[in-house]
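The residues making up each chain are set out below.
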Amino acid sequence: MTTDAFLADCRARLAFDLLSNTWNAVVLWALRDGPRRPVELREQIGGISSKVLTETLRRLQYNGLVERWAHPGAPPRVDYGLTALGRTLLAPIDAVGAWAFEHGDEVMAAQEAECTAAQRPSE
């Protein structure tokens, strides 16, 4: 059994799980300036299907990070926005984004080197 609280703490793993899903962080970041309709989110994000966006929004709502507001009318309108808890993840997402901006080229170079090495014939 590990004595490292960081590795053993379920709450720490919960936070990493929330941020490990690519779309969770992207959707949270897209909502940072205020509520959006799903169509607006898809346009802003790009590359996300309606199905995956819906699943992501439901997951974020389930975890208390996003609120859903249904507006009556024809057609009915739905908006999603960050909760106070969801806003607390913006700083860590920004920090990870800043790290990626600073070190992304190094990571891609390492990946390319591994691919090149894997393609070489065995000696």
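All chains use their own residue numbering, which begins from 1 and follows the written sequence. For this predicted model, a pLDDT threshold of at least 70 governs which residues receive local features, and a threshold of 80 or more governs which side-chain atom pairs are given and counted, while totals over whole chains, interfaces and linings are taken from all residues. Calculated side-chain values reflect all of the structure's heavy atoms, with hydrogen atoms and water omitted.

Peer 1: How should I be thinking about the side chain of D79 in this particular structure?
Peer 2: Numbering of helices and strands runs from the N terminus; a helix is a DSSP stretch of H or I covering at least four residues, while a strand is a stretch of E covering at least two. Along the polypeptide, D79 turns up in strand β2 (residues 77-82). Under the relative-accessibility criterion, D79 is labelled buried at 9%. Note on contacts: a residue pair is in contact if any heavy atoms of the two residues lie within 4.5 Å. Excluding residues within four positions of it along the chain, D79 makes contact with P35, R36, R37, E67, R68, W69 and H71. Burial classification: accessible surface area is computed with a 1.4 Å probe over protein chains only, and a residue below 20% of its type maximum counts as buried, one above 50% as exposed, and the rest as partly exposed.

Peer 1: What is the right way to read the pattern of salt bridges from this model?
Peer 2: When charged atoms on two side chains of opposite charge get close, those side chains can pair. One speaks of a salt bridge when a side-chain nitrogen belonging to Lys or Arg is within 4 Å of a carboxyl oxygen belonging to Asp or Glu. The final tally for this structure, using the stated rule, is two salt bridges. When the shortest N-O distance is used, the salt bridge between E55 and K51 registers 3.6 Å. With a gap of four residues between them, E55 and K51 both fall in helix α5 (residues 50-62), about one helical turn apart. You can call E55 partly exposed: its relative accessible area is 36%. Among the residues examined, K51 registers a relative accessible area of 60% and is labelled exposed. For R77, the salt bridge identified is with D79, shortest N-O distance 2.9 Å.

Peer 1: Would you take a moment to explain the side chain of N24 for this structure?
Peer 2: Within the secondary structure layout, N24 lies in helix α3 (residues 22-30). A residue is classified by how much of its surface remains accessible, and N24, at 2% relative accessible area, is buried. Apart from residues no more than four positions distant in its own chain, N24 is found in contact with D17, L18, T56, R59 and L60.

Peer 1: Mind showing me how you'd approach the nonpolar core here?
Peer 2: Core analysis: the biggest nonpolar cluster contains 20 residues, and V27, L28, L41, L57 and V66 have the highest contact counts within it. When residues of this core are traced back to their parent elements, those giving at least two are α3, α4 (38-45), α5, β2 and α7 (90-119). For this core, the element with the highest residue contribution is α3, accounting for four residues. Apart from residues no more than four positions distant in its own chain, V66 is found in contact with L28, L31, L57, L60, Q61, Y80, G81, L82 and T83. What is meant by a nonpolar core is a set of buried Ala, Val, Leu, Ile, Met, Phe, Trp, Tyr and Cys residues, joined one to another through side-chain atoms within 4.5 Å.

Peer 1: How should unusual backbone geometry be read in this particular structure?
Peer 2: Leave glycine aside and you will find that most residues have negative phi; peptide bonds, for their part, are mostly trans. Between A74 and P75 the backbone carries a cis peptide bond, its omega angle lying at -5°. Tracing the backbone shows P75 in the loop between β1 (66-71) and β2.

Peer 1: Honestly, the UniProt feature "domain: HTH hxlR-type" (unreviewed entry) in the protein chain in this entry has me stumped. Any pointers?
Peer 2: UniProt positions are given in the numbering used here, feature names are shortened, and annotations may be inferred rather than shown by experiment. As annotated in UniProt, the feature "domain: HTH hxlR-type" (unreviewed entry) corresponds to residues 10-108 in the numbering used here. A helix fraction of 65% and a strand fraction of 12% characterise residues 10-108, whose end C-alpha atoms lie 31 Å from each other.

Peer 1: Help me out: how do you make sense of the layout of surface pockets in this one?
Peer 2: Sizing a probe to match a water molecule and rolling it over the atoms shows the empty space that remains. Cavity and pocket criteria rest on a 1 Å grid covering protein atoms alone: a 1.4 Å probe that fits but cannot get out defines a cavity, protein on both sides within 12 Å along at least 5 of 7 lines defines an open pocket, and an atom within 4 Å of a point defines a lining residue. Grid points are joined across faces, edges and corners, and a volume is the space filled by probe spheres set on the points. As a volume, the largest pocket reaches approximately 170 Å³. Considering the residues around the largest pocket, the lining is formed by L19, T22, A25, W29, I93, D94, V96 and G97. Broken down by element, the residue count for the lining of the largest pocket peaks at four residues, all from α7.

Peer 1: Sorry if this is basic, but what is going on with the pairing of β2 here?
Peer 2: In the case of a regular strand, side chains alternate between the two sheet surfaces. Burial of β2 is extensive: five of the six residues sit out of reach of the surface. Bridge analysis of β1 against β2 gives six bridges, and the strand direction is antiparallel. Bridge pairing in β2 links A70 to V78. Whether two strands pair comes down to DSSP finding at least two bridges between them. Between the end of β1 and the start of β2, which pair antiparallel, lie five residues, with G73 showing a positive phi angle near 135°.

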